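# A closer look at the structure
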Amino acid sequence: MNILILGSGGRESAFAWKIAQSPKCDKLFIAPGNAGTGQYGTNVNIKVTDFEGIKKLVLSEGINLVLVGPEEPLVKGVHDFFLADADLKHVPVIGPQAEGAQLEGSKDFSKQFMERNNVPTAASKTFTKDTLQEGLEYVASIGLPVVLKADGLAAGKGVLICSTVEEARHELNEMLTEAKFGDASSRVVVEQFLQGIELSVFVMTDGTSYKILPEAKDYKRIGEGDTGLNTGGMGSVSPVPFADAAFMQKVEERVIIPTVEGLKKENIPYKGFIFIGLMNCDGEPWVIEYNCRMGDPETESVMPRISSDFVDLLTGVAEGSLNEKELTISDKVAATVFMVAGGYPGEYLKDKVITGIENVRDSKVFHGGTYLDGDDIKTSGGRVLAISSLQDNMFEALQQATADASRIYYDGMYFRRDIGFDLL
Ligand code: AMP
């Protein structure tokens, strides 16, 4: 099979690494990819939202399967584009059509979906400019802190947690009347705060059956001890010790089954990943959000734990035969430390030469924001390299990933040395 991965981050590097190991994969392409994905396949400089460019590539290279990494092309309808095109419709796309991608593309859609399907989630109401007054009253009625969520995609920045009613009212007003997050905040979900500890659960579905991939925990804040600004993710670990069998059974019964059944019942076709952001509140799972794709940096800890052939699983999703496929999961522990650019998540340094990757001893280096400049590997993005280590226990995995990150250098480099240590 010839396979195309859309995307250019650490998640796509981890996919590419895993897919390249499958005997079922003949040629692998990554669009646009980065300096690391070129080790596993051919990078093609096409944007993930350039559907016409993707079409040309698929036809010229005889691509048999497309795996979509990020949410943007899904929400913009890349899967629908394939289905509507006579030349492309036979090429399976892993990732939902635009309607299913609304689980991530619209917080209001996903809250309503959860409510209709009895999936446990925080109480909420959605407001627009026209219902601002009601919204201002509602924020005072749901307890503190108050969670405000821009309805649409806002590059991970559209959620505000306000500790006073005044702040919540001010922000709600800014979001609805001043377009604080552009169009994304023309509708705002106002939600009760859930107190607990977060984790990410990943489901692969062909629309009928499902498989639960290894769960993971990610670390979003820039600073050690979970302090400072939010980022795209500074590291992850899998498995998550508090997600024991009893908890995961609740997740499956109360969240996963109603979600997959709900999609079916509502005739929403869905072939791809469902990323469920959960809060564990005193042992009970509550859904914070759905995403319509895998997580980054979680994928970099999830892929190393999957022992079975990932292409075989993807084929099962494409063909509707996922229930016949084998998913085996290693009981080893994976830890990922993300090395970021100086200044990130604010304005950050770019074009810095990266050295020392060859000194890494027992981790995978999944490239994120990197590019090749002649023989040099240089930084391009905020999140530069994901260092993932798979070891017998969590302490060793964390220690190895952290030690290997220290063997790499570029001007301004930074990474957290405390990823996962709260779980030991
Ligand atoms: P989201 O974009 O929905 O994942 O929200 C971003 C982050 O905000 C989540 O990862 C949580 O840390 C936090 N968050 C969102 N909703 C809630 C909630 N209802 N209660 C507590 N924290 C939340």
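Okay, so let's go over this structure. (Residues numbered from 1 in each chain as written. Predicted model: local features only at pLDDT ≥ 70, side-chain atom pairs only at ≥ 80, totals over all residues. Heavy atoms only, no water.)

### Let's talk about helix 9 (residues 245–265)
A rise of 1.5 Å per residue sets the reference length of helix 9, with its 21 residues, at 30 Å; its end C-alpha atoms lie 28 Å apart and thus fit the reference within 8%. At Glu252, helix 9 shows its largest kink, close to 40°. What helix 9 keeps buried is the set Phe247, Met248, Val251, Val255, Ile256, Pro258, Thr259, Val260, Gly262 and Leu263. Next to the buried residues of helix 9 lie helix 5 (98–105), helix 6 (107–116), strand 10 (197–205), strand 11 (210–212), strand 14 (272–281) and strand 15 (284–291). Looking at the residues trailing helix 9, positive phi occurs at Asn267, about 55°. (Helix = DSSP H or I, 4+ residues; strand = E, 2+ residues; numbered from the N terminus. Expected span 1.5 Å × (residues − 1). Bend = angle between axes of the 7 residues up to and from the residue. Buried < 20%, exposed > 50% of the residue type's maximum accessible area, 1.4 Å probe, protein only. Contact = heavy atoms within 4.5 Å.)

### Brief notes about the packing of aromatic side chains
In total, this model carries 11 aromatic pairs according to the counting rule given. Judged by centre distance (5.9 Å) and plane angle (15°), the rings of Phe15 and Phe310 are stacked. Taken as a pair, Phe15 in helix 1 (residues 10–20) and Phe310 in helix 11 (residues 310–319) lie far apart in primary sequence, 295 residues in all. Note on Phe15: relative accessible area 1%, which makes it buried. With centroids separated by 6.4 Å and ring planes inclined at 15°, the aromatic side chains of Phe273 and Phe310 adopt a geometry described as stacked. Residue Phe273 is located in strand 14, and its partner Phe310 is located in helix 11; the two are separated by 37 residues in the primary sequence. For the pair Phe273 and Phe310, one class covers both residues: buried. One aromatic cluster is present, built from ring pairs that chain together Phe15, Phe273 and Phe310. (Phe/Tyr/Trp six-rings, centres within 6.5 Å; stacked < 30°, edge-to-face > 60°.)

### What about the site of the ligand?
Within the structure, the ligand sits among 14 residues, and Glu191, Gln192, Leu194, Glu198 and Glu289 are positioned closest to it. Within the backbone of Leu194, one N or O atom sits 2.7 Å away from a nitrogen atom of the ligand. When the free accessible area of the ligand is taken as 470 Å², the share hidden by the protein chains comes to 87%. For the shell around the ligand, the elements supplying multiple residues, two or more each, are strand 7 (146–150), strand 8 (159–162), strand 9 (187–192) and strand 15. Partitioned by chemical class, the residues of the shell around the ligand number seven nonpolar, one polar and six charged. (Near = heavy atom within 4 Å. Polar contact = N/O pair within 3.5 Å; in protein donor to acceptor, adjacent residues only side chain to side chain. Areas by Shrake-Rupley, 256 points an atom, 1.4 Å probe, with all protein chains shown as cover. Nonpolar A, V, L, I, M, F, W, Y, C, P; charged D, E, K, R; others polar.)

### Some words on the layout of surface pockets
What the second largest pocket holds in volume is close to 180 Å³. Sorting elements by how many residues they give to the lining of the second largest pocket places helix 4 (residues 78–83) first, with three residues. Here the residues of the lining of the second largest pocket are counted per class, giving nine nonpolar, three polar and three charged. (1 Å grid on protein atoms, 1.4 Å probe; cavity = no way out; pocket = protein on both sides within 12 Å on 5 of 7 lines; lining within 4 Å. Points joined across faces, edges and corners; volume = space filled by probe spheres on them.)

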